[in-house]
Amino acid sequence: MRDLKEYDYPALLLNLSTTSLNKAQRRWRIAYAAIYSARAMLSLVKEIVPRRIDPKSSDASLSLSYTPLESGDGAMINSMPLSYVPDIDQERLVEIMKGKDLPGIRALGGVEGIAASLRTNATKGIHGNEQEVNRRRDLFGSNTYHKPPPKGLLFFVYDAFKDTTILILLACAALSLGFGIKEHGLQEGWYEGGSIFVAVFLVIVVSALSNFRQERQFDKLSKISNNIKVEVLRDSRRQHISIFDVVVGDVVFLKIGDQIPADGLFLDGHSLQVDESSMTGESDHLEVDHKDNPFLFSGTKIVDGFAKMLVLSVGMSTTWGQTMSSINQDSSERTPLQVRLDTLTSTIGKLGLTVAALVLVVLLVRYFTGNTKKDGKIEYNGSKTPVDSVVNSVVRIVSVAVTIVVVAIPEGLPLAVTLTLAYSMKRMMSDQAMVRKLSACETMGSATVICTDKTGTLTLNEMKVTKFWLGQESIHEDSTQMISSDVLDLLYQGTGLNTTGSVCVSDSGPTPEFSGSPTEKALLSWTVLNLGMDMESVKQKYDVLRVETFNSAKKRSGVLVRRKSDNTVHVHWKGAAEMVLAMCSHYYTSTGSVDLMDSTAQNRVQAIIQGMAASSLRCIAFAHKVSLNNSGLEEDGLTLMGIVGLKDPCRPGVSKAVETCKLAGVTIKMITGDNVFTAKAIAFECGILDHNDKDEEEAVVEGVQFRNYTDEERMQKVEKIRVMARSSPSDKLLMVKCLRLKGHVVAVTGDGTNDAPALKEADIGLSMGIQGTEVAKESSDIVILDDNFTSVATVLKWGRCVYNNIQKFIQFQLTVNVAALVINFIAAVSAGEVPLTAVQLLWVNLIMDTLGALALATERPTNELLKPKPVGRTEALITNVMWRNLLVQSLYQIAVLLILQFKGMSIFNVRKEVKDTLIFNTFVLCQVFNEFNAREMEKKNVFRGIHRNRLFVGIIAITIVLQVIMVEFLKKFADTVRLNGWQWGTCIAIASLSWPIGFFTKFIPVSETPFLSYFKNPRSLFKVSRSLSPKKP
């Protein structure tokens, strides 16, 4: 912000009355006249009234915001902050941004004039107290968007009514209700139709509640994922706040990869380029500067350079806000597993429809040929039978057939996926992983390769300078005074000017606060605390002419500066040691002399770099040159100033996490920008490389080496590579493509903007929550909130858990489907009636679909899940183990229920109503006991860890209680009769046999060839004996 003294106030006041000004100009000049008058009055007070004041409270830079007045006794009174009366309204700010109104900005005194009107100090920001921020929010709005409200419960209830089978059932229920009342009167006739109505209503409500819960969960996670952290300047301090807390007048720091949080103007910075494709669709990057194009729009992204921005519009006042308000994120994303399950559901549904059609035809034929009886009398007796009775019977037959379809269609499968994904997403948040795309939950379980970064993921990203070499001399901490003052001054320039970090003198103590990336903070801390640099003093002596920001391709950053005292131009480069060394022709010694960098000296320096790298140190070199050219940064003929070694220790537990992944059959590949020696040292420390490896030479390559391979060589060697050093983002992308072509399911971690293509190309993109740029996060599927590789291993475990839970539920549900279809079909064909009524089948449907999904889809991950090898891309969803388990259980249930159907009355010496109730009760209890079997597909102990899954135990208890109520108390509703203790005991005994049957079933060996492939290729049936392999218990 310009100093107010720059303006000629008497002339300004004269111009107010003598010149024709527009409204905005007049208001701006009046504001400055008021401030000038206040200052003039203050100066008189200062001269007349002697006073003592604390220097901290009289900081002139705050005079724009607070006007201090004093009483005669010397006590200072602070008036109301002037920022409470802004000199520019919100509409004018919005107009400036929307119209890109450069003349309007100039009329208001440029960006500095607008900052003054908003009472913002460009070097110290706004006041960060709550009252000030709230006042700005009240005046200019909050940085939030008005989105369409989330779908309510009634929407999902209405959506459930669109199901065709539900509508048919409701029509059948209505007809049954009408005919029942007409035939038996209101008191007795409503039971059958009313029961179907209630059962259908329960199914609809439970389905709607499940979908509503998922919608709310998705909405909550969307809010979390949109809560970006933004760096702002408040009270002279750089601080991170939520994007939602940004207010008009804030000074925001922007760097490569950041998403611009609001509309604003360029205040200060270098080489700023913005990607506005999200707004304009144009792929070309736009250059933003102070003079010709100072406009920055929310939602766009920084692709190069860095800057400070003055916020002018927030939330709904921004162009992006108005666009976003009309968009509602879609929570109905279909994951690959859901798509596969939709196909399975469709196939089973068609089979159920065929069976239902056959049952319908058989029952109708038996009815109209007089082969069905009711209360001992033939139901249909030609023309003698009343039309009402015929229609009522037909409706009852149709409702049974439709109910068979309802039971046959496993709509619980998509529901189970939804439930387990929503549950795992919620739990993964507490395990430091935020899922952005649902499909990533399940895909991660199939991952065969994880390509990970080194810095911050495998290491702590807590840098500290531990070694310093000046030329060929090692400088210890206690011998920095030996360094020549000229060299020291150059080092001050190289770190203090060529940096995106900052140094802030702390009020709380003598140690200053350092901000920026971990590398920048380490270098600034070393230069300030060890070498005694005063950063503000260095900045005042030089003008920055040009900046080349660090990027992953060049692995260095540079700055072109002009010294004010003699107008000499200096180039400074800083970056990867061997990269900078290649640019140097000379080097400095500690005495300040300059020596030639001949081949001998270069080899010695390279040996120094390799020695530090072998000790796991990241090597950064500084180089300098006096330039005659002030238009660009020269890249050759430089003089090496020194090399620092930064220590970044491995994260605790990372070696164990790497070992866990390797045991799970997942290969870990480290892709880093560090040199090959540092990369190897860290890889050995983390366990990615083993000292016993014979193929170490093939396991470690450099990026340039990898990209220069022929396509055939690359495909041949890619699986053996475990460390790629000095790699660029394009090398990472190339590796991901090669691995996917080899059939691998690839997970990739990334934090930089340039990592975005690799994150998108990978099957699962994992971005870093702390160091990751917003571009990287948007390109990823999962955000690792703590940047820790251990969390990546946890995500792998959760991915396998999701897949495993879905398989458990499929096995459980298909057992019920097969049993229910076979029993109803055989009974209908042979006896002309079905043992399970429409209401009973709907109750079974409710148990297995919703309650079963809840019970089995919420199992937490265990370490056992990491023992099998990863599931491949084309692996069968229903494995041979699942077929074995479900067929054995289905056959047992079918056998028992058919015996009860045809011999139950004679075996138990009971009437037909009791027999039908015994069949219904036994069938439901079989599902309850089989639910325990479904917990473990291969392990024989199905009760292991059951006490930790309270939800499972609770659902089993609720199911049993509801079944007792159905049988004992809802007799007319459920078409049941009461059972005595002996009959209940018999039902439980028959159902409990599911446990020992399940136990012994797991001793049966299974073929490695997928079960369904035998039907595609019958010849393989004769080879089955060769591929049998017993599974481990």
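Residues numbered from 1 in each chain as written. Predicted model: local features only at pLDDT ≥ 70, side-chain atom pairs only at ≥ 80, totals over all residues. Heavy atoms only, no water.

1. Describing the packing of helix 33 (residues 912-933) against helix 36 (residues 981-992)
Remark: helix 33 packs on helix 36, axes separated minimally by 8 Å, with the N-to-C direction vectors making an angle of 40°. When the axes of helix 33 and helix 36 are compared, the pair comes out oblique. Here helix 33 and helix 36 pass one another in a crossing that is right-handed. Each of Val914, Leu918, Asn921, Thr922, Leu925, Cys926 and Phe929 in helix 33 lies in contact with helix 36, whose residues at this interface are Gln983, Trp984, Cys987, Ile988, Ile990, Ala991 and Ser992. Broken down by class, the residue content of the contact of helix 33 with helix 36 amounts to 10 nonpolar, 4 polar and no charged. (Axes fitted to C-alpha atoms, helices over the stretch in contact; angles between N-to-C directions. Helix = DSSP H or I, 4+ residues; strand = E, 2+ residues; numbered from the N terminus. Parallel < 35°, antiparallel > 145°, perpendicular 65-115°, else oblique. Left-handed = near helix turned anticlockwise from the far one by under 90°. Contact = heavy atoms within 4.5 Å. Nonpolar A, V, L, I, M, F, W, Y, C, P; charged D, E, K, R; others polar.)

2. Topic: unusual backbone geometry
The backbone of Arg119 sits at a positive phi, close to 60°, despite the residue not being glycine. Among the residues examined, Arg119 registers a relative accessible area of 7% and is labelled buried. Positioned with a positive phi, Arg726 is a non-glycine residue whose angle comes to about 45°. Position of Arg726 among the secondary structure elements: in the loop between strand 27 (723-725) and helix 27 (729-741). The exposure class assigned to Arg726 is buried, which follows from its relative accessible area of 10%. (Buried < 20%, exposed > 50% of the residue type's maximum accessible area, 1.4 Å probe, protein only.)

3. Focus on empty space enclosed by the protein
Considering all chains together, one arrives at 6 cavities of 30 Å³ or more under this definition. Size it by volume and the largest cavity reaches roughly 100 Å³. Where the lining of the largest cavity is concerned, the elements lending two or more residues are helix 30 (789-831), helix 32 (880-908), helix 33 and helix 37 (994-1001). A per-class count over the lining of the largest cavity returns 2 nonpolar, 8 polar and 2 charged. (1 Å grid on protein atoms, 1.4 Å probe; cavity = no way out; pocket = protein on both sides within 12 Å on 5 of 7 lines; lining within 4 Å. Points joined across faces, edges and corners; volume = space filled by probe spheres on them.)

4. Quick notes on the sheet that holds strand 29 (residues 764-768)
The strands making up a sheet associate through backbone hydrogen bonding, with each pair oriented either parallel or antiparallel. Strand order across the open sheet formed by 8 strands is 12-30-29-28-13-25-27-26, with mixed pairing between neighbours. At either end of the open sheet lies a strand with only one pairing partner, and these are strand 12 (433-435) and strand 26 (700-702). Going across the sheet, the axis of each strand differs from the next one's by a mean of 20°, ignoring polarity. With 2 bridges connecting them, strand 25 (residues 667-671) and strand 27 associate as parallel partners. Paired with Ile671 across the two strands is Met724, which belongs to strand 27. Contacting strand 13 (449-452), strand 25, strand 27 and strand 28 (746-750), helix 27 crosses the sheet at an angle of about 170° to strand 28. (Pairing = 2+ DSSP bridges.)

5. A closer look at the packing of aromatic side chains
The full count for this structure, using the stated rule, is 15 aromatic pairs. Both rings, one in Phe706 and one in Tyr709, keep their centres 6.3 Å apart while their planes meet at 75°; by these two values the pair is edge-to-face. Residue Phe706 shares its accessibility class with Tyr709, and that shared class is buried. One aromatic cluster is present, built from ring pairs that chain together Phe929, Phe932, Phe943, Phe952 and Trp995. In this structure, Arg556 packs its charged tip against the face of Trp573, placed 5.0 Å from the ring centre. Here the guanidinium or amino end of Arg714 rests over the ring plane of Phe706, the centre of that ring lying 5.8 Å away. (Phe/Tyr/Trp six-rings, centres within 6.5 Å; stacked < 30°, edge-to-face > 60°. Lys NZ or Arg CZ within 6 Å of the ring centre and 35° of its normal.)

6. Here's the deal with helix 18 (residues 518-530)
Its 13 residues place the ends of helix 18 17 Å apart at the C-alpha level, agreeing with the 18 Å of an ideal helix rising 1.5 Å per residue. The complete set of buried residues in helix 18 reads Pro518, Thr519, Glu520, Ala522, Leu523, Leu524, Trp526, Thr527 and Val528. (Expected span 1.5 Å × (residues − 1).)

7. A look at the nonpolar core
Judged by nonpolar contacts, the single largest core of 66 residues is most densely connected at Met444, Ile450, Ile688, Ile764, Ile782, Phe789 and Ile810. Take this core: its biggest share by element is 12 residues, from helix 30. Both domains that meet at this core, namely domain 3 (336-421 + 797-1005) and domain 4 (434-459 + 651-787), each give it at least three residues. Setting aside anything within four residues of it in sequence, one finds Phe789 in contact with Ile450, Thr452, Thr457, Leu458, Arg651, Val654, Ala657, Val658, Cys661 and Ile668. (Core = buried A, V, L, I, M, F, W, Y, C linked by side-chain atoms within 4.5 Å. Domains from an automatic or database assignment.)

8. A short note on the confidence of the model for the chain
Fine structural detail should not be taken from predicted coordinates in areas where pLDDT scores are low. Per-residue confidence for the chain averages 80 on the pLDDT scale, and 82% of its residues sit at or above 70. Below a pLDDT of 50 lies the segment residues 1-20, which in the model reaches 27 contacts outside its immediate sequence neighbourhood of four places, other chains included. Of the regions scoring below 50 in pLDDT, residues 42-84 engages in 50 contacts with residues more than four places distant in sequence or in other chains. (pLDDT = per-residue confidence, 0-100.)

9. Digging into the pairing of strand 4 (residues 237-242)
Across 6 bridges, the pairing between strand 3 (residues 229-234) and strand 4 is antiparallel. Bridge assignment links Val232 to a residue of strand 4, and that residue is Gln239. From the end of strand 3 to the start of strand 4, which pair antiparallel, there are 2 residues, and Asp235 there has a positive phi angle of about 55°.

10. So, helix 32
The axis of helix 32 is deflected most strongly, by about 65°, at Phe902. Just beyond helix 32, the residue with positive phi is Asn909, at close to 55°. (Bend = angle between axes of the 7 residues up to and from the residue.)

11. As for a nonpolar patch on the surface
On the surface, a cluster of nonpolar side chains totalling about 500 Å² of accessible area is made up of Ile958, Val961, Leu962, Ile965, Phe969 and Leu970. Along the chain, Ile958 turns up in helix 34 (residues 950-968). (Patch = residues over 30% accessible without salt bridge, like charges linked within 9 Å, V, L, I, M, F, W, Y side chains within 5 Å. Areas by Shrake-Rupley, 256 points an atom, 1.4 Å probe, with all protein chains shown as cover. Salt bridge = Lys/Arg side-chain N within 4 Å of Asp/Glu carboxyl O.)

12. Quick word on the pairing of strand 9 (residues 301-313)
For strand 9, the buried fraction is high: 10 of the 13 residues fall into the buried class. Pairing of strand 5 (residues 251-254) with strand 9 involves 4 bridges; the strand directions are antiparallel. By the bridge assignment, Val252 is partnered in strand 9 with Met309.

13. A closer look at the pattern of salt bridges
Enumeration according to the criterion identifies 32 salt bridges in this entry. Notably, a salt bridge pairs Glu513 with Arg237, separated by 3.2 Å at the nearest N-O pair. Of this pair, Glu513 sits in strand 17 (residues 513-515) while Arg237 sits in strand 4; the two residues are 276 residues apart in sequence, bridging distant segments of the chain. You can call Arg237 partly exposed: its relative accessible area is 35%. For the salt bridge of Asp674 with Arg618, the shortest nitrogen-to-oxygen distance reads 3.1 Å. Pair noted here: Asp674 is in the loop between strand 25 and helix 23 (676-686) and Arg618 is in strand 23 (residues 617-627), with a separation of 56 residues, a long-range link. The pair Asp674 / Arg618 is uniform in exposure class, with both members buried. Through salt bridges with shared partners, a single network forms among Glu864, Lys867, Lys939 and Arg944.

14. Digging into the environment of Thr372
Along the chain, Thr372 falls in the loop between helix 13 (336-368) and strand 10 (373-374). A residue is classified by how much of its surface remains accessible, and Thr372, at 9% relative accessible area, is buried.

15. Details of the UniProt feature "transmembrane region" (unreviewed entry) in the chain
Under the feature "transmembrane region" (unreviewed entry), the UniProt entry names residues 164-181, 193-212, 348-368, 397-423, 814-832, 838-857, 951-970 and 982-1004. With 100% helix and 0% strand, residues 193-212 has its two end C-alpha atoms placed 28 Å apart. Helix makes up 90% of residues 951-970 and strand 0%. Its end C-alpha atoms lie 26 Å apart. (UniProt positions renumbered as here; feature names shortened; annotations may be inferred.)

16. Topic: the environment of Asp489
Residue position: Asp489 is located in helix 17 (residues 485-496). On a C-alpha basis, the gap between Asp489 and Val538 in space is 8.8 Å, while along the polypeptide they are 49 residues apart. Setting aside chain neighbours within four positions, we find Asp489 in contact with Tyr542 and Arg563.

17. Here we look at the packing of helix 22 (residues 654-663) against helix 30
Following both chains from N to C, one finds helix 22 and helix 30 inclined at 30°, their axes separated by 8 Å at the closest point. For the element pair helix 22 / helix 30, the angle class is roughly parallel. When the axes of helix 22 and helix 30 are compared, the crossing they make is left-handed. Packed against helix 22, whose contacting residues are Val654, Ala657, Val658 and Cys661, the element helix 30 presents Phe789, Thr790, Ala793 and Leu796 at the interface.

18. Observations concerning a positive patch on the surface
A surface patch of like charges, here positive, comprises Arg213, Arg216, Lys220, Lys426, Arg427 and Arg860. Where the positive patch is concerned, the elements lending two or more residues are helix 10 (191-226) and helix 15 (412-430). Sorting elements by how many residues they give to the positive patch places helix 10 first, with 3 residues. Along the chain, Arg860 turns up in the loop between helix 31 (838-856) and helix 32. (Lys, Arg positive; Asp, Glu negative; His and termini not counted. Charge placed at Lys NZ, Arg CZ, Asp CG, Glu CD.)

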